[in-house]
Amino acid sequence: MSESIGLFRLLFWVAIIAAALWFWRRLKAPRPAPSTPDTEPAEPMVRCTLCGVHLPRRHALPEHERWYCSQAHLRQDSATGER
Ligand SMILES: [Zn+2]
């Protein structure tokens, strides 16, 4: 009955290899979420006319085709620019 023993050994090795492959996949598989959850491809950035800080356009305040980071800078620049 050496053939049945050989078959048993073959199955044994197949099981070992399958387990090894499963273990290898488990080692390589776990990846954290992608580092950049790119909700928007590229948000347009604008520059504050007064202090020069860059900020997203939706947070900026437009005034006469210029952008400002805050209401204070908007008023300050319009006050100094137009006397
Ligand atoms: Zn500013």
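Residues numbered from 1 in each chain as written. Predicted model: local features only at pLDDT ≥ 70, side-chain atom pairs only at ≥ 80, totals over all residues. Heavy atoms only, no water.

Notes on the coordination of the zinc ion
Looking at the zinc ion, the protein donor atoms are Cys-48 (SG), Cys-51 (SG), Cys-69 (SG) and His-73 (ND1), and they sit 1.9 to 2.3 Å from it. Classification of the site at the zinc ion as tetrahedral follows from its 4 donor atoms and the range of 97 to 119° in their angles at the metal. Considered as a linear motif, the donors of the zinc ion on their single chain read C-x2-C-x17-C-x3-H. According to the relative accessible area criterion, Cys-48 is buried, its value standing at 0%. Among the residues examined, Cys-51 registers a relative accessible area of 43% and is labelled partly exposed. (Donors = N, O, S within 2.8 Å, 3.2 Å for Na, K, Ca; no water. Tetrahedral: all angles 85-135°; square planar, octahedral: opposite > 155°, others 65-115°. Buried < 20%, exposed > 50% of the residue type's maximum accessible area, 1.4 Å probe, protein only.)

Focus: unusual backbone geometry
Comment: phi is negative for the bulk of residues other than glycine, and the bulk of peptide bonds are trans. Phi is positive for His-64, close to 55°, though the residue is something other than glycine. Mapped onto the elements, His-64 comes out in the loop between β3 (61-63) and β4 (66-68). The backbone of Glu-65 sits at a positive phi, close to 60°, despite the residue not being glycine. Secondary-structure assignment places Glu-65 in the loop between β3 and β4. (Helix = DSSP H or I, 4+ residues; strand = E, 2+ residues; numbered from the N terminus.)

Some points on the packing of aromatic side chains
Per the stated rule, a full pass over the model turns up 1 aromatic pair. Ring centres of Phe-12 and Trp-13 lie 5.9 Å apart, and the angle between their planes is 75°; on these two criteria the pair is classed as edge-to-face. Relative accessible area serves as the criterion here: at 47%, Trp-13 is assigned to the partly exposed category. (Phe/Tyr/Trp six-rings, centres within 6.5 Å; stacked < 30°, edge-to-face > 60°.)

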